[in-house]
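For reference, the chains in residue letters:
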Amino acid sequence: MSIKVRFAPSPTGYLHVGGLRTALYNYLYAKKNDGKIILRIEDTDQSRKVEGAVENLISTFKNIGIEFDEGPSQGGDFGPYFQSQRLDIYKDYIQKLILNKSAYPCFCSSDRLTKIREKQSENKEPIKYDRHCLSLADSEINSRMNNEKYVIRLKIPNEGEVIFYDQVRGKVSIECKEIDDQVLIKTDGFPTYHFANVVDDYLMGITHVMRGEEWLPSTPKHVLLYQAFDWKLPKFIHLPLLLNPDKSKLSKRQGDVAVEDYLSKGYLSETLINFVGLLGWHPKDDREIFNLDELINEFSIKRVQKSGAVFDKEKLNWMNGQYLKEMKISTILNRVVPIFEDAGIDISDTRKFSAVVENARQRVSTLPEMIEHSIPFYSEINFIEEDKLILTSESSQKVFKVLSDKLLNSNDLQEINIKQYIKEAGIETNVKGKDLFLPIRLVLFGEKHGPDIALIISILGKKESIKRLTNFH
RNA sequence: GGCCCGUUCGUCUAGUGGUUAGGACUCAGGGUUUUCAUCUCUGCAACAGGAGUUCGAUUCUCCUACGGGCUACCA
């Protein structure tokens, strides 16, 4: 049987990095096994609708390189792929459950529900519905259904336990008496997640349900639903949670969680895929740098971790830096253009721009950080008083004069030649070491630390270098 | 409170019934760079605790502790 998985987010406005990880593992598993992955939008909560959320989600996936075989934008044979457009389907299927006594209508008001919960909480009892409406007579049910608002609840068996086998955690079991009579259809006629999810996974031919661990406790309800329909169970794979540094579930409160935020902060999509891929999964060997295809090749559910993983920004930074250092310069140039333009840097001299970026990429972990390493090549330098003292010293002035003359008379400003000129300037002026190099770098670049002087001069060019060297008298 | 799941360096993790418990990030120190960064080398640092099984447990079982998740007409 061919494999089919799904990523089923609710459209809350942005793609959560935890969502990215879930989507990624689904994608990797599908591609690894010649299966299919679908995108299904779980928009059954009317009150949480966010305008443009779905479009944003789809475009983020596009940016990051994860493609779906079926979904809102590409269609498919199992649509619609919005749950809000599948209401008739849920209506049909809930009838089957009511008929076979696996589900029942409930007319209890939310006030009453709140009250029994409060009481249960006071008495330290498990909090669940008291089945007040389960024993209603058929005649009463029929008349009230015409006149009152109601929900449909799942009837959990009184006895026994639900057992299922999670592909990551193994056997999981829970007593039926611990499970609440879950609402399946809300008063507004929309299904709850639990119901829509099971019906859709079945109808869409999903073979493997891979989702976050937060769903583990409600999986028994889903299992019962499959059994009530007499449907074959999919395989369940519950992925470990992504965590804040304090080990709680990764949340907005403790920093960025939107993939879009990381992208706009200058993290590469390649890094995000790679980094998040390694959170909760590990290859056979100790390799850490993987592109998407390599991840597909290596991925296996057997190597998925059981425990949660802290999202460590330090390591993310390191990894992004690795990508920046290894990537083709042309690729980086393309991505960095808008950032340089925003910073007001004139990049029309493409040879200079390329050399500047080549220098900056070695020194940063994100794209925007390149700006600070590049600005000295483009704009005039404002020296602080302390630095002016260094530049106007007798020895500095001697060195600047000799060096600028050498540059002026040179026809070939290769780095190797420049190095030679500096050396000669040192000998001729009898200035050595720190006293030689520091002032030159300072006058040319405005910083005491930075790129190799020969590199600075070669990027600046003859004219600009001489200008900067002779600016201080 | 109840239920479910989890626990190897600070973090991501490898690993096995007998290993000097390995790698990566971070941090510290050395080398390269007459600067910085890169790179490189070295170092610091972990099997939650207690029983049991066993000749031997980090590895298997149980208990405890701790952590997390769930406990909605949210997903």
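Definitions and cut-offs
- Residues numbered from 1 in each chain as written.
- Chains lettered and ligands numbered in written order.
- Predicted model: local features only at pLDDT ≥ 70, side-chain atom pairs only at ≥ 80, totals over all residues.
- Heavy atoms only, no water.
- Helix = DSSP H or I, 4+ residues; strand = E, 2+ residues; numbered from the N terminus.
- Rg over C-alpha atoms; globule rule 2.2 N^0.38 Å.
- Buried < 20%, exposed > 50% of the residue type's maximum accessible area, 1.4 Å probe, protein only.
- Contact = heavy atoms within 4.5 Å.
- Areas by Shrake-Rupley, 256 points an atom, 1.4 Å probe, with all protein chains shown as cover.
- Lys, Arg positive; Asp, Glu negative; His and termini not counted.
- Charge placed at Lys NZ, Arg CZ, Asp CG, Glu CD.
- Core = buried A, V, L, I, M, F, W, Y, C linked by side-chain atoms within 4.5 Å.
- Near = heavy atom within 4 Å.
- Polar contact = N/O pair within 3.5 Å; in protein donor to acceptor, adjacent residues only side chain to side chain.
- Nonpolar A, V, L, I, M, F, W, Y, C, P; charged D, E, K, R; others polar.
- Pairing = 2+ DSSP bridges.
- Axes fitted to C-alpha atoms, helices over the stretch in contact; angles between N-to-C directions.
- Phe/Tyr/Trp six-rings, centres within 6.5 Å; stacked < 30°, edge-to-face > 60°.

A. Inspection of the overall build of chain A at higher detail. Each helix and strand counted, chain A has 20 helices and 11 strands in total. At 32 Å, chain A has a C-alpha radius of gyration far larger than the 23 Å of a compact globule built from 473 residues. The buried share of chain A, reckoned over its 473 residues, is 48%. Relative to all contacts within chain A whose residues are 6 or more apart in sequence, the contacts with residues 24 or more apart total 74%. Just so you have it, chain A exposes about 24,200 Å², and 48% of that area is on carbon and sulfur atoms. Of the charged side chains in chain A, 66 are positive and 68 negative; the average position of the first set lies 2 Å away from that of the second.

B. A look at the nonpolar core. Formed by 97 residues in total, the largest nonpolar core has its most connected members in F340 and M370. For this core, the element with the highest residue contribution is helix 1 (residues 17-32), accounting for nine residues. Residues within four places of M370 in sequence aside, it is in contact with L324, I332, V336, F340, V357, A360, R361 and V364. Within the second largest apolar cluster, 35 residues are counted, among which are I38, C176, F195 and V223.

C. Examining the protein's contact with RNA strand B more closely. Close to RNA strand B lie 61 residues; H282, E288, R363, F437 and H449 are nearest. Looking at RNA strand B alone, sugar and phosphate atoms form 74% of those within 4 Å of the protein. Within the side chain of E178, an N or O atom sits 3.5 Å from a sugar or linking oxygen of RNA strand B. Note that a phosphate oxygen of RNA strand B is positioned 3.2 Å from one of the side-chain N or O atoms of R303. Elements represented by at least two residues in the surface near RNA strand B include exactly strand 4 (151-154), strand 6 (170-175), strand 11 (309-310), helix 11 (313-326) and helix 18 (433-445). At five residues, the largest contribution of residues to the surface near RNA strand B is made by helix 11. Taken together, the residues that form the surface near RNA strand B break down as 19 nonpolar, 16 polar and 26 charged.

D. Expanded view of the sheet that holds strand 4. The strand order across the open sheet built from three strands is 3-4-7, with neighbouring strands paired in antiparallel fashion. Each end of this open sheet is capped by a strand with a single partner; those strands are strand 3 (103-106) and strand 7 (183-185). Each strand of the sheet is rotated relative to its neighbour by a mean of 45°, with strand direction disregarded.

E. Quick look at the packing of aromatic side chains. In the structure shown here, the tally under the stated rule is 20 aromatic pairs. On the numbers, 5.0 Å between centres and 90° between planes, the contact of F61 with F68 is edge-to-face. By relative accessible area, F61 is classed as buried at 1%. Here the aromatic cluster, defined as three or more aromatic residues joined through ring pairs, consists of Y90, Y93, F195, Y202, Y226, F229 and W231.

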